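Breakdown of the fold
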Amino acid sequence: MDIRIAGGHGQVARLLARHLSAIDDTVHGIIRSADQVGDIEADGAQAIVLDLESATTAELAEALRGADAVVFAAGAGAGSGAERKWTVDHGGAAKLREAAVAAGVSRYVMVSSMGTDDPPTDDEVFSVYLRAKARADEELMASDLEWTVVRPGRLEDGPGTGAVTLGRHVDRGGIPRDDVAAVLAACLHDDRTIGHVLEVVGGEIPITTALDALVS
Ligand code: NAP
């Protein structure tokens, strides 16, 4: 498969690129700084330098042309204010959706978050983040694209285990980023996950077994 990852220099994105490169997928990481090209290439991927906030939808569509799937793994980050939750976490995801349609790319896998089912309504930045993610998810789910929405719990560093707890709803918990990346890679290669929203945290069930149970 040829997969383009928006937010390609993110921690989950880079782990995903390594998983996909290891199984001979062609991976392009969409990054916003040319200084990051070497890191992307070290992961076995190719870099496309394009800022999701300032690029036009047409420019982003050009960057997606020929791909089999896109992944939204960008995020404004913990240190950012409410405005960038809308321009990146919602706006970047929405622009990627519109660009995918324009480029004829039908498959879209979203890195979302637990807590987006019923986000809080107050003005805390984290609440704004959850509302921005929730809106991006809702718009994707309402589209004609072949989508999967992956909602991890608290992201942790450290090695992946290859085992998770996942389902439409699971209890809150943490999960190594590497296991999130493995779930994303598995979803990209399993069309049965199209049309599914799944929450995922660390657990004991091998990823393929857990996905089999979700889609059966
Ligand atoms: P991360 O390391 O912060 O990566 C986010 C990436 O988005 C960064 O590489 C950043 O680029 C990129 N980005 C930001 N603005 C951009 C723009 N305008 N154009 C292009 N790229 C842009 O995040 P992560 O740890 O991999 O997590 C991935 C996502 O998981 C998060 O964004 C969040 O939505 C979601 N999530 C997080 C948690 C948690 O516990 N933290 C839990 C559930 C879900 P730079 O490298 O240039 O800064």
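Notes on the structure in this doc start here. (Residues numbered from 1 in each chain as written. Predicted model: local features only at pLDDT ≥ 70, side-chain atom pairs only at ≥ 80, totals over all residues. Heavy atoms only, no water.)

1. Quick word on the overall build of the protein chain
Rules: Labels follow the DSSP assignment, with helices taken as runs of H or I lasting at least four residues and strands as runs of E lasting at least two, numbered in each case from the N terminus. Only C-alpha atoms enter the radius of gyration; for comparison, a globular chain is expected to reach 2.2 Å times N to the power 0.38, where N is the number of residues. Exposed residues in this analysis have more than 50% of their type's maximum accessible area, buried residues have under 20%, and partly exposed residues fall in between, with area computed by a 1.4 Å probe over protein chains only. Here, residues are in contact when the closest pair of their heavy atoms is within 4.5 Å.
Of the regular secondary structure elements, the protein chain holds seven helices and 11 strands. Computed over C-alpha atoms, the radius of gyration of the protein chain comes to 16 Å, within 12% of the 17 Å expected from 2.2 N^0.38 for 216 residues, which places it in the range of a compact globule. By its C-alpha atoms, the protein chain is 45 × 40 × 35 Å across when sized along the principal axes. Counting the 216 residues in the protein chain, one finds 54% classified as buried. Counting only contacts in the protein chain whose residues sit at least 6 apart along the sequence, the fraction spanning at least 24 positions is 67%.

2. Considering the pattern of salt bridges
Pairing is possible between side chains of opposite charge, provided their charged atoms come close. Threshold: The working definition used for a salt bridge is a side-chain nitrogen of Lys or Arg within 4 Å of a carboxyl oxygen of Asp or Glu.
If you walk through the whole model with that rule in mind, you get 14 salt bridges. A salt bridge links Asp117 to Arg168, with the nearest nitrogen and oxygen atoms 2.8 Å apart. With Asp117 in the loop between strand E5 (107-111) and helix H5 (125-141) and Arg168 in the loop between strand E8 (163-167) and strand E9 (174-176), the pair connects residues that are 51 residues apart, well separated along the chain. Since its relative accessible area comes to 38%, Asp117 is described here as partly exposed. Assessed through its relative accessible area of 33%, Arg168 is described here as partly exposed. Between Glu156 and Arg154 there is a salt bridge, with the nearest N and O atoms lying 2.9 Å from each other. Three or more residues joined by partner-sharing salt bridges are found here, namely Arg14, Arg18, Asp39 and Asp43.

3. Remarks on the site of the ligand
Rules: What makes a residue near a molecule or strand is one non-hydrogen atom of that residue sitting within 4 Å of it. Contacts described as polar in this section are N or O atom pairs within 3.5 Å, which, within protein, must combine one atom able to donate a hydrogen with one able to accept it, while residues neighboring in sequence count only if both atoms come from side chains. Here the accessible surface of atoms and residues is derived via Shrake-Rupley with a 1.4 Å probe, and residues count as covered only by protein chains that are part of the display.
Neighbouring the ligand are 26 residues; Val12, Arg32, Glu53, Tyr129 and Arg177 lie closest to it. Residue Val12 places a main-chain N or O atom 2.8 Å away from an oxygen atom belonging to the ligand. The side chain of Arg177 places a nitrogen or oxygen atom 2.8 Å from an oxygen atom of the ligand. Taken by itself the ligand offers 920 Å² of open surface, and the protein chains cover 81% of this. Residue assignment for the shell around the ligand shows that the elements contributing at least two residues are helix H1 (11-22), helix H4 (82-103), H5 and strand E7 (154-156).

4. Notes on unusual backbone geometry
Where the residue is not glycine, phi is negative for most of them; where a peptide bond is considered, it is trans in most cases. The phi torsion at Asp24 lies on the positive side, around 70°, for a residue other than glycine. Following the sequence through the fold, Asp24 ends up in the loop between H1 and strand E2 (26-31).

5. Regarding the environment of Asp137
Mapped onto the secondary structure, Asp137 falls in helix H5. The buried category is assigned to Asp137, whose relative accessible area is 0%. Sequence-wise, Asp137 and Ser112 are 25 residues apart; in three dimensions their C-alpha atoms are separated by 7.3 Å. Dropping the residues within four chain positions of it, Asp137 is found in contact with Met110, Ser112, Thr116, Val149 and Arg151.

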